[in-house]
Amino acid sequence: MEIPRHWRLKKQRYALIGEVCPYCDGKIFPPRDVCPHCGGEARNVYPFSGKGTVYSYTVMQDAPAGYESQAPYTVALVKLEEGPVVTAQLTDLGEQAVEIGMPVEMVTRKLREDGGAKGMLIYGYKFRPVGLGPH
Amino acid sequence: MREVAVIGIGQTKIEEHWDKSLRELAGEAVLSAMADAGLDHFDALYMGNMMSGSANFQQHLGAYIADWVGQRYTEGIRLEAACSSAAAAFRTAVMAVASGEVEVAVAGAVEKMTDSPSDIITGELATAADADWERDQGISFVALNALIMRRYMHEYKWGKEAFAGFSINAHANGVNNPNARFRSPISEQDYVRAPMVADPINVMDASPLGDGAAALVLVPAEKVRSAPGQPRIRVVGSGAATDTIAVHSRQVPLWLSAAEKSARQAYAQASLRPEEIDLFEAHDAFSIMAALSLEACGFAEPGKAPLLALEGEIRPTGRIPIATMGGLKARGHPVGATGLYQLVEVVQQLRGQAGANQVPGAKIGMAQNIGGSGSNIIAHILRADE
Ligand SMILES: [Zn+2]
């Protein structure tokens, strides 16, 4: 289910492709049709660096359907260095304690499994602590 | 525009109503509000509800409930604005009567959440957030509020125990409300030791779901007179505003802009200042939401709402009583019906019918119903005439 919806989002999910507003130069993620900063039409593609810091975080003990196999996991608000904040999971934490202000970078990982072995796998961005080597 | 008065209220107890259907529950509240108003007929029914389509496989609640309560042929629609659905129904009813188009309007609301498995309900609650950019990251509705609460504690340097007063007050008031889901008091120890749901939100921060329905009858104020012990209750302010659907898109995630905007609209219509409000039914779905709502409505400076709780100012005898009949925390949170419980309780207070929880001399009461994590907020101010 929902295959077209996930297909439509893959550029943004795999590579943090957002927009830059041609009128006010505001950086926009996730993409919108109307710039939230100035109200102008937002259509120019802008790839985000994937670097940011943790703005807030919590731990999901009881995961929603499709996410159970990964629980418990940490979800965060990540403030991207270009300005926007995104909701995303933190990954590759190991023993590292999460803190507000901690620098993180984007990686592409499996987000969700739908409907067992034959179901759809959904990939997308997560963030990991900076300085953990190549992915 | 005409002035509008509330002449009838009805509510069911909030619990797991295994023995009652969606329409029996809604019908009970609507019929009891009509009996309270002394009316056997109304012209329009505005039903608030969030999830009956998936939780009960039943939509189309306008006709469904109008037919059930013996009012077929009347106008009837359902309004949905996530957890603020009920206040949306009330505001629609107020506008219908104020416009001169409708003489007797009923605002009803129902949510029947315990007929479906809890994972269905949890998933349904998450539909109030952004499916593409919040829910797909594996986040729940509770966790979104946890993100806000942790940041709040970080920026304003509050410890977890600073929020205990919200839950303690709500539970203390729920004891005296026969319609409340929880009727036992809790201590600070109970709060501090409560298991975490999504850190820093524990089970004593989070409101319980449940089945419930509530209703109010509205008519033009010019047709109502105050009588001894039966003051006329007018709707003197009504405001509504939206904000970004996703928490991460907010200009300032710790400030409920839609709460501020809806409250300011209501204050301006009523020509009142926050200091003149005698009680405030805040949307304490989580302790942090009560705090943010108090701040955005002008009852506390940003970052200072926990002080109100710590100093006892939110109790029935305090400066700005909240959750006077238990709030969402103890009375319960049947999501799409909650906003009408808040308004029914304001009317109880203004009539002097709040029993042991009566706010002394209450003449002006406000209710604020929050949808999503602050993305749709509706405020009303009611006033009792001498
Ligand atoms: Zn712009």
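Rules of the game
Residues numbered from 1 in each chain as written. Chains lettered and ligands numbered in written order. Predicted model: local features only at pLDDT ≥ 70, side-chain atom pairs only at ≥ 80, totals over all residues. Helix = DSSP H or I, 4+ residues; strand = E, 2+ residues; numbered from the N terminus. Rg over C-alpha atoms; globule rule 2.2 N^0.38 Å. Buried ≥ 20, exposed ≤ 12 C-beta atoms within 10 Å, placed from the backbone. Contact = placed C-beta atoms within 7 Å. Pairing = 2+ DSSP bridges. Axes fitted to C-alpha atoms, helices over the stretch in contact; angles between N-to-C directions. Nonpolar A, V, L, I, M, F, W, Y, C, P; charged D, E, K, R; others polar. pLDDT = per-residue confidence, 0-100. Expected span 1.5 Å × (residues − 1).

### Looking at the overall build of chain A
Helix and strand counts for chain A come out as 2 helices and 8 strands. Along chain A, helices (α) and strands (β) appear in the sequence α-α-β-β-β-β-β-β-β-β when read from the amino end. Since a compact globule built from 135 residues should have a radius of gyration of about 14 Å, the 16 Å found for chain A is in line with a globular shape. Seen along its three principal axes, the alpha-carbon backbone of chain A occupies a region of about 45 × 35 × 25 Å. Put simply, chain A has 135 residues, and 31% of those count as buried.

### A look at the overall build of chain B
Check the secondary structure of chain B and you find 13 helices and 11 strands. Against the 2.2 N^0.38 benchmark of 21 Å for 386 residues, chain B shows a C-alpha radius of gyration of 19 Å, consistent with a compact globule. Seen through its principal axes, chain B has C-alpha atoms that stretch 55 × 45 × 40 Å. Sequence separation of at least 24 residues holds for 77% of the intrachain contacts in chain B that already meet a minimum separation of 6.

### Some details on the sheet that holds strand S3 (residues 75–79) of chain B
Residue and element names in this part refer to chain B. Across the sheet, 9 strands lie side by side as S3-S2-S4-S7-S1-S8-S11-S10-S9; this open sheet has mixed pairing. The open sheet has two edge strands, S3 and strand S9 (279–281), and neither has a second partner. The average angle at which neighbouring strand axes cross in this sheet is 25°, direction not considered. Here 3 bridges tie strand S1 (residues 4–11) to strand S8 (residues 233–242), and the two strands are oriented antiparallel to one another. Residue pairing for S8: Ala5 is matched across the bridge by Arg234. Helix-sheet contacts for helix H9 (residues 257–270) involve S8, strand S10 (364–371) and strand S11 (376–384), and the interaxial angle to S8 is about 150°. Sitting on the sheet, helix H13 (residues 338–351) touches S1, strand S2 (44–48), strand S4 (105–111), strand S7 (212–220), S8, S9, S10 and S11, and the angle it makes with S10 is about 175°.

### Quick look at the sheet that holds strand S3 (residues 44–47) of chain A
Residues and elements named next belong to chain A. With antiparallel pairing, the 3 strands of this open sheet are ordered in space as S2-S1-S3. A single partner strand is all that each edge strand has here, and the edge strands are strand S2 (27–28) and S3. Sheet topology note: the strand S1 (residues 17–20)/S2 ladder contains 2 bridges and is antiparallel. If you follow Val20 over to S2, its bridge partner there is Lys27.

### Points about the interface of chain A and chain B
The partner chain B presents 23 residues to the 25 residues of chain A that form the contact. Contributing elements (two or more residues each) for the side of chain A that touches chain B: strand S4 (51–60), strand S5 (73–80), strand S6 (85–90) and strand S7 (103–113) of chain A. Here the side of chain A that touches chain B takes 6 residues from S4 of chain A, the largest share from any one element. Of the residues assigned to the side of chain A that touches chain B, the class counts are 20 nonpolar, 4 polar and 1 charged.

### Focus on the environment of Pro195 of chain B
Residues and elements named next belong to chain B. Examined against the element boundaries, Pro195 turns out to sit in the loop between helix H8 (188–193) and strand S5 (196–198). Each C-alpha atom, one on Pro195 and one on Leu61, is 37 Å from the other, the two residues being 134 residues apart in sequence. Ignoring sequence-local partners within four residues, the contact set of Pro195 consists of Asn202 and Val203.

### Brief notes about the environment of Ala15 of chain A
Note on placement: Ala15 of chain A falls in helix H2 (residues 10–15). The exposure class of Ala15 of chain A is partly exposed, given the 14 C-beta atoms found within 10 Å.

### Thoughts on the confidence of the model for chain B
For chain B, mean pLDDT is 97; residues scoring 70 or higher make up 100% of the total. For this predicted complex, the interface confidence reaches an ipTM of 0.94, while the overall pTM sits at 0.97.

### So, the pairing of S7 of chain B
All names here are of chain B. The element S7 is extensively covered by neighbouring structure, given that 8 of its 9 residues are classed as buried. The pairing of S1 with S7 spans 7 bridges and is classified as antiparallel. In the sheet register, Ile9 faces S7, and the bridge partner there is Leu216.

### Looking at helix H6 (residues 141–156) of chain B
Counted at 1.5 Å a residue, the expected span for H6 of chain B with its 16 residues is 22 Å, and the 23 Å between its end C-alpha atoms agrees. Inspection of H6 of chain B places Phe141, Val142, Ala143, Leu144, Asn145, Ala146, Leu147, Ile148, Met149, Arg150 and Tyr152 of chain B among the buried residues, and these make up the whole buried set. Where the residues of H6 of chain B are buried, they touch S4 and S5 of chain A together with helix H5 (118–126), S5, strand S6 (201–202) and helix H10 (287–296) of chain B.

### What about H13 of chain B?
Residues and elements named next belong to chain B. Compared with an ideal rise of 1.5 Å per residue, which puts 14 residues at 20 Å, H13 spans 20 Å between its outermost C-alpha atoms and is within 8% of the ideal. In terms of residue burial, H13 counts as a mostly covered element, since 13 of its 14 residues are buried. Of the residues trailing H13, Gly352 is marked for its positive phi of about 80°.

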